[in-house]
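Understanding the architecture of this molecule
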Amino acid sequence: MVNAGMQPREALREVEARLTAAGCPDADFDAGELFRLVTGQDARLADRPLTAEQAAKLEALTARREQREPLQYLCGSWPFLDFELAVGPGVLCPRADTEVVAEAAAQMLAGVQAPKVLDLCAGTGCLGLGVKRFCPEADVTCVEKSPEAFRYLKKNAVSALKQGTARAVEGDLFHYWQGLPEGELDLIVSNPPYLTAAEMQQLQPEVAREPAMALEAGEDGLVFYRALAEHYQNALRPGGALALEIGWQQREAVTALLAANGWVDIACRKDYGGNDRCILARRSYP
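This section reports on the structure supplied with the text. (Residues numbered from 1 in each chain as written. Predicted model: local features only at pLDDT ≥ 70, side-chain atom pairs only at ≥ 80, totals over all residues. Heavy atoms only, no water.)

Here we look at the nonpolar core
Of all hydrophobic cores here, the largest spans 32 residues; its most connected members are Phe83, Leu85, Val117, Leu129, Val131, Leu187 and Val189. For this core, the secondary-structure elements that each account for two or more residues are strand E2 (83-86), helix H5 (96-107), helix H6 (126-134), strand E4 (139-144), helix H7 (147-159), strand E6 (185-190), strand E7 (236-245) and strand E9 (276-282). Tallying contributions element by element places H5 first for this core, with 5 residues. Among all residues touching Val117, those that are not within four sequence positions of it are Leu109, Val131, Ala138, Asp139, Val140, Thr141 and Leu187. In terms of nonpolar packing, the next biggest core, distinct from the first, is built from 31 residues, Leu92, Leu195, Ala229 and Leu236 among them. (Core = buried A, V, L, I, M, F, W, Y, C linked by side-chain atoms within 4.5 Å. Buried < 20%, exposed > 50% of the residue type's maximum accessible area, 1.4 Å probe, protein only. Helix = DSSP H or I, 4+ residues; strand = E, 2+ residues; numbered from the N terminus. Contact = heavy atoms within 4.5 Å.)

Thoughts on the state of the cysteines
The full count for this structure, using the stated rule, is 0 disulfides. Looking at Cys24, it has no disulfide partner, and the nearest cysteine sulfur is the one in Cys75, 13 Å off. In this model Cys75 remains outside any disulfide bridge; the closest cysteine sulfur is found in Cys93, 10 Å from its own. (Disulfide = S-S within 2.5 Å.)

Looking at the environment of Asp42
Along the chain, Asp42 falls in the loop between helix H2 (27-39) and helix H3 (52-66). Judged by relative accessible area, Asp42 falls into the buried class, the value being 15%. Between the C-alpha atoms of Asp42 and Glu10, which are 32 residues apart in sequence, the distance is 13 Å. Here Asp42 is in contact with Phe35 and Arg36, once residues within four sequence places are set aside.

Functional significance is not addressed by these values, which are geometric in nature.
Rendered as structure tokens:
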């Protein structure tokens, strides 16, 4: 147990040991982050024993992490690219692999002046805001269905970036296309739910604490990609871009869906681990 008067390194060892016993991946990293969250210091550099208040807070956070509550939820914010996003129960945690999607999407806007961007299934808004970080002049609209996730999206849309904001809109990907004018968007980005029914039964404990709405995509994991492939091409200008995060085994299936619906210049981008992560495509040219 974490007690008042513990030296920083002693407290760090206690937390790490308990998280390791609980099966938490990267227990050493998590212990350091929890210590930093409570004290504002790196445990390796801190030289004062824990106060009673600090010990109580660290003990409470350790107990929650032992139950495999995501570290991101405990911290209340999480870095994405070079900015921080508000995050907590009810919204998908931003992940480093999604940074690859944001970067690839922004690169597709090269040469486009004041591009109009739509982020579907936005969650925290990480993709849309990531694109705006690379393209500050972009006009970005982030669409999210979940009321719980929308609470975080609204906050991030106005405060995550030091320069510029995005528009947060409540909406459902399966219907939102019906109100879009034809040919006005330059880019659509999305990290839609893409887990199959079978994969939903095999989630890591931390992922199981994230909202199922942001994860589950039917028996084959493709229901959102079908809607995107079939309904959103006309909202883009000719040659307008699409960037979709995918599961590591979905490249062929998503590529086939897009090709069957007339999308062109279809390509795949890998993540930092070498896995297929992002499908890029364009609306057919005139």
